[in-house]
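Residue-level structure breakdown
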Amino acid sequence: MYILILGSGAGGGVPQWNCHCDNCAGCRNKTLPVRERTQSSIAVSSNRKDWVLINASPDIRQQINQSPLLWPADGQQRGTAIKSIILTDSQIDHTTGLLTLREGLPLPVYCTDVVYEDLSTAFPVFPMLKHWHGGLQRRAIGTTHEPGFQVEGVAGLTFHPVVLESNAPPYSKYRDNIVDGNNIGLQIVDNATGKSVFYAPGCVQASDLVKNMLEQSSCALFDGTLWLDDEMIQKGFSNRLGSQMGHMPVNGPDGTVALLQEYDIERKILIHINNTNPVLDESSTANAYLRDNGIELAYDGMQITI
Ligand code: MLT
Ligand code: MN
Ligand code: ZN
C-alpha cells in the first residue's frame, strides 16, 4: 500500500495567512527551520495508479498540482488518478476542497450519515455541487468497524471505520454533542499483505478500539495538532482547549507520545499539525523529543510504503 501525504498541517496550514506566531513568522521569513505545510489530506493506493483521496482540503488544487502521481488522465483530454473520496468528518479543512474539484465531477464520495447531514445543511456542498456534471456521488458508510468497505476504482484495499472521540465543527448541530459518525478514523488494510495503516487526524482520547488499531497497525498516522492542551490559550489565539476542539496534546501523560510509546508500530507519524505546535521547529527540543521517541512528523509530499 502506498500513502501520499498531501497536507500535513491542521486548519490554517503553515504559515497561516494572518498568523505571526514564532513558527509562522519563522517559516515566512526563513529564520527558523519550519517547513511550509498545507492543510490536512492524504491519498492512498495499492498500485500507485488509482488513488483514493481521504479528505479534501482547501489546498487541494496546489496539492494535486504538486503531486505527479495524481495527474494521469487515462489517455483522455481531462481526467485524474483520484478515483474516489472518503471524508472522515465535516470540518472545513477536510471538505472545502470538494468545491475546488467541481471541474472533475462526478466523483464518488464516501461519508457517514451525520457528515452527509452537515454537508447538506450547515455547509451544503452536496446540494450545491449537484449543478456540476452530476456532482458528488454520495456513498453511505456506517460506523461499525466490520465488515469494512471497498471504494470504487481502487482495488486491493479495505477501509474499516473507527469511531473517534473528537468534536464536530462549530456550524454543526452536533458541536459539543457528538454522535458516532461525526468523526471516524480509518483502518486501511492491504488485502494482499494483510498489513494495515491507521489514520486518525483528530482524536481526543483513545478508546479500546483505537488502542486495538494501534496494536494491529504497521503505520499510525495520528493526531499531532497541539503540543499542549492549553497552547492556543497560552499564545492568546483562542479561549478553547485543544481537548474541547477534539484533539489530544502531543506532550504529557495523556498525550500522543505517551500513547504511541505503548505500541510496537513500524512507523509512528504525527499528522494534522497546527502552526502553533513547537514540534514544527526542527531545531526545537520538542522536535528532538519526538525523534528520541521514534516518532516522525509528516510533511507535505511524504510517501510511505507499507
Ligand atoms: C479541527 O481539526 O479542530 C478543525 O479543523 C479546526 C478548524 O476548523 O480550523
Ligand atoms: Mn482539522
Ligand atoms: Zn502561526
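Structure: see above.
As the structure is a computational prediction, the values presented were derived from the model and not from experiment.

Turning to helix H7 (residues 208-216), a few remarks are in order. Listed in full, the buried residues belonging to H7 are Val210, Met213 and Leu214. Taken end-on, H7 shows its buried residues confined to a sector of 100°, consistent with a single buried face. Turned more than 90 degrees away from the buried face of H7 sit Asp208 and Glu215, all of them exposed. Contacts made by the buried residues of H7 are with strand S8 (154-163), strand S9 (184-190), strand S10 (196-200), strand S11 (219-223) and helix H10 (256-261).

Our focus in this paragraph is the state of the cysteines. Two cysteines, two sulfur atoms, one covalent bond between them: this is a disulfide. Scanning the entire structure with this criterion turns up 0 disulfides. Cysteine Cys219 shares no disulfide, and the gap to the nearest cysteine sulfur, in Cys203, comes to 16 Å. A residue is classified by how much of its surface remains accessible, and Cys219, at 0% relative accessible area, is buried.

The next subject is helix H11 (residues 285-292). If you check which residues of H11 are buried, you get Ala286, Asn287 and Leu290. End-on, the buried residues of H11 take up no more than an arc of 100°, which puts them together on one face. Among the exposed residues of H11, those pointing more than 90 degrees away from its buried face are Thr285, Arg291 and Asp292. As for H11, its buried residues are in contact with H10, strand S12 (267-271) and strand S13 (295-297). Looking one or two residues past H11, Gly294 carries a phi angle of roughly 70°, positive in sign.

Before going further, it helps to examine the nonpolar core. Counting 30 residues, the largest nonpolar core has Phe198, Val210, Leu214, Phe222 and Leu290 as its most contacted members. Of all the secondary-structure elements, those providing two or more residues to this core are S10, H7, S11, H10, H11 and S13. Among all residues touching Val210, those that are not within four sequence positions of it are Val162, Leu164, Phe198 and Phe222. Ranked by size, the runner-up nonpolar core spans 28 residues in total, among them Ile54, Ile86, Tyr110 and Leu186.

So, how was this worked out
- Residues numbered from 1 in each chain as written.
- Chains lettered and ligands numbered in written order.
- Predicted model: local features only at pLDDT ≥ 70, side-chain atom pairs only at ≥ 80, totals over all residues.
- Heavy atoms only, no water.
- Buried < 20%, exposed > 50% of the residue type's maximum accessible area, 1.4 Å probe, protein only.
- Helix = DSSP H or I, 4+ residues; strand = E, 2+ residues; numbered from the N terminus.
- Arc of directions from axis to C-beta.
- Contact = heavy atoms within 4.5 Å.
- Disulfide = S-S within 2.5 Å.
- Core = buried A, V, L, I, M, F, W, Y, C linked by side-chain atoms within 4.5 Å.

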